[in-house]
Amino acid sequence: MTTHTDKNFDWRQFTVEFNLPEGEILTMDYVKIESGKAAVKGFAARGVILGGTGIYSGIRGSYDKSLESDDVSKVTFHILK
């Protein structure tokens, strides 16, 4: 969802649920991207872990994500429990 835009940049909110074998992890972040453009290889952002289900119930923390290519994203969770 685009939350704010100006002549040069959009601020976008992403809420993502990662479905894993032992439960789900819910995340959210805000990113600044050039107006009207998609994120490209090399883009990186950090977000917050909102919570989880299953073995991830009650977790908190953050995560880093990066676009390795047009088809591959890398996500690293920093979980505090």
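Residues numbered from 1 in each chain as written. Predicted model: local features only at pLDDT ≥ 70, side-chain atom pairs only at ≥ 80, totals over all residues. Heavy atoms only, no water.

I'd love a proper account of the packing of aromatic side chains, names of residues and values included.
Overall, the coordinates contain two aromatic pairs when judged by the stated rule. With a centroid separation of 5.2 Å and an interplanar angle of 90 degrees, the aromatic rings of F18 and F77 are classed as edge-to-face. Taken together, the positions of F18 in strand β2 (residues 9–20) and F77 in strand β6 (residues 73–80) put the pair 59 residues apart, joining distant regions of the chain. Given the relative accessible area of 26%, F77 is considered partly exposed. Where Y63 meets F77, the ring centres are 6.4 Å apart and the plane angle is 50 degrees; that geometry is what we call tilted. Here Y63 is found in strand β5 (residues 60–67), whereas its partner F77 is found in strand β6, with 14 residues between them in sequence. Chaining the aromatic ring pairs together yields one cluster made of F18, Y63 and F77. The positively charged end of K65 is found above the aromatic ring belonging to F14, 4.7 Å away from the centroid. (Phe/Tyr/Trp six-rings, centres within 6.5 Å; stacked < 30°, edge-to-face > 60°. Helix = DSSP H or I, 4+ residues; strand = E, 2+ residues; numbered from the N terminus. Buried < 20%, exposed > 50% of the residue type's maximum accessible area, 1.4 Å probe, protein only. Lys NZ or Arg CZ within 6 Å of the ring centre and 35° of its normal.)

Account for the confidence of the model for the chain, with residues named and values stated.
Overall, the predicted model of the chain reaches an average pLDDT of 87, with 94% of residues at or above 70. Ranking the elements of the chain by mean pLDDT puts strand β1 (residues 2–5) last with 66 and β5 first with 94. (pLDDT = per-residue confidence, 0-100.)

Describe the pairing of strand β4 (residues 44–52), listing the residues and the values that go with them.
Here strand β3 (residues 23–34) pairs with β4 via four bridges, running antiparallel. Within β4, the position partnered with T27 by the bridge is I49. Across six bridges, the pairing between β4 and β5 is antiparallel. Looking at the pairing, V48 lines up with S62 of β5. (Pairing = 2+ DSSP bridges.)

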